[in-house]
Amino acid sequence: MKKLFIIANWKSNKKELEVKEWIDKFKNYDLRFKNKEIIICPSFIHLPLLKSYILDHESIRLGAQDISKFDEGAYTGEVNGKQIREFAEYVIIGHSERRQNFSENEEVVNQKIKQAIKFGLKPILCVQDQNFKIQEKVEIIAYEPVFAIGTNNPDTPENADLVSTKIKENNLSNYIIYGGSVNSKNVNQFTQKPNIDGVLVGNASLDPLEFFEIIKNA
Ligand code: PEP
């Protein structure tokens, strides 16, 4: 049985009370899946709360949604790798929403990957196709075509597998996952493909039952 990563990207959603409500529901579900690693990526401010919850759960890990390209110091508003490492193991880098809204280019993405690695964080690098250049080996690469993000219009599992295969051929990363309008009904069409090692889930991860169904059906 291959290892699968099921990653929740909550983006800029949820107040503290809503995070507590999500946890209260999610903790009732049986998460003993031997081959599935669940990674929850909330806003920075909710990492401590989620950390106290996941202590009881072997199969759940935490991730940040971004990282400063700088070390600690005079960078107002930034959260650096050293700070993130206290709470999380993973970090999403290069999400298309950051590339579009915050002008992140390849250079910035590469700087962030370097910072993550420097502080022992595992990058989840988001790419839109197979044509990208990175200087380091990253833990997970997420193929996320922009047309599929938040649109209910996923890529076809066949094409997602084809792109994942090309990415695997050209990179040292062990795991390639798919992201873009994944839900509990379509998830296994992606995860059953030979070169797709999991999914990155945005909207559908905001609801604890739907996210659990995604994990179960993957
Ligand atoms: C994402 O933002 O990484 C994503 C995959 O979003 P959604 O699942 O909502 O398409």
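For the structure itself, consult the block above.
Note that the structure is a prediction, hence the values are computed from the model and not measured.

Draft legend 1. Geometry of the overall build of the protein. Helix and strand counts for the protein stand at eight helices and eight strands. The globule rule puts the C-alpha radius of gyration for 218 residues at 17 Å, and the 16 Å found for the protein is close to it. Overall, the protein is about 45 × 40 × 30 Å in size when its C-alpha atoms are taken along their principal axes. Per-residue burial over the protein gives 52% buried out of 218 residues. A separation of at least 24 residues holds for 67% of the contacts in the protein among residues at least 6 apart in sequence. In the form shown here, the protein has an accessible surface area of approximately 10,600 Å², with 47% of it arising from carbon and sulfur atoms. A gap of 2 Å separates the mean positions of the 29 positive and 30 negative side-chain charges of the protein.

Draft legend 2. Expanded view of the layout of surface pockets. Put simply, the largest pocket is a space of about 520 Å³. Taken together, 22 residues line the largest pocket, and the ones lying closest to its centre are F44, Q65, D66, R98 and F102. Taken together, the elements giving at least two residues each to the lining of the largest pocket come down to α4 (96-101) and α5 (106-118). Classifying every residue of the lining of the largest pocket by side-chain character gives seven nonpolar, seven polar and eight charged.

Draft legend 3. Just the sheet that holds strand β5 (residues 122-127), in detail. If you walk around this closed barrel you meet the eight strands as β1-β2-β3-β4-β5-β6-β7-β8, and the pairing is parallel. With strand direction ignored, the average angle separating the axes of adjacent strands in the sheet is 25°. One ladder, built from four bridges, connects strand β6 (residues 140-143) with strand β7 (residues 175-179); its direction is parallel. Paired with I140 across the two strands is Y175, which belongs to β7.

Draft legend 4. Structural context of the site of the ligand. Near the ligand there are 14 residues, and of these K11, E144, G150, S181 and G202 occur at the shortest range. E144 is positioned with one of its side-chain polar atoms (N or O) 2.7 Å from an oxygen atom of the ligand. One nitrogen or oxygen atom from the main chain of S181 is found 2.8 Å from an oxygen atom belonging to the ligand. Coverage of the ligand by the protein amounts to 99% of the 290 Å² it exposes when considered alone. Residues that form the shell around the ligand fall into these classes: four nonpolar, eight polar and two charged.

Draft legend 5. Local environment of the packing of aromatic side chains. Enumeration according to the criterion identifies eleven aromatic pairs in this entry. Consider the rings of F33 and F212, whose centres lie 6.4 Å apart with planes at 40°: the pair is tilted. Taken together, the residues F33 in the loop between α1 (16-26) and β2 (36-41) and F212 in helix α8 (residues 208-217) connect sequence positions 179 residues apart. Relative to Y75, the ring of F70 has its centre 4.0 Å away and its plane inclined at 5°; by these criteria the two rings are stacked. What makes F70 partly exposed here is its relative accessible area of 31%. Of the aromatic side chains, those joined through ring pairs into one cluster are W10, W22, F26, Y29, F33, F211 and F212. If you follow K14 out to its NZ or CZ, it ends over the ring of W10, 5.3 Å from the centre. Against the face of F102 rests R98, its NZ or CZ located 4.1 Å from the ring centre.

Thresholds applied
Residues numbered from 1 in each chain as written. Predicted model: local features only at pLDDT ≥ 70, side-chain atom pairs only at ≥ 80, totals over all residues. Heavy atoms only, no water. Helix = DSSP H or I, 4+ residues; strand = E, 2+ residues; numbered from the N terminus. Rg over C-alpha atoms; globule rule 2.2 N^0.38 Å. Buried < 20%, exposed > 50% of the residue type's maximum accessible area, 1.4 Å probe, protein only. Contact = heavy atoms within 4.5 Å. Areas by Shrake-Rupley, 256 points an atom, 1.4 Å probe, with all protein chains shown as cover. Lys, Arg positive; Asp, Glu negative; His and termini not counted. Charge placed at Lys NZ, Arg CZ, Asp CG, Glu CD. 1 Å grid on protein atoms, 1.4 Å probe; cavity = no way out; pocket = protein on both sides within 12 Å on 5 of 7 lines; lining within 4 Å. Points joined across faces, edges and corners; volume = space filled by probe spheres on them. Nonpolar A, V, L, I, M, F, W, Y, C, P; charged D, E, K, R; others polar. Pairing = 2+ DSSP bridges. Axes fitted to C-alpha atoms, helices over the stretch in contact; angles between N-to-C directions. Near = heavy atom within 4 Å. Polar contact = N/O pair within 3.5 Å; in protein donor to acceptor, adjacent residues only side chain to side chain. Phe/Tyr/Trp six-rings, centres within 6.5 Å; stacked < 30°, edge-to-face > 60°. Lys NZ or Arg CZ within 6 Å of the ring centre and 35° of its normal.

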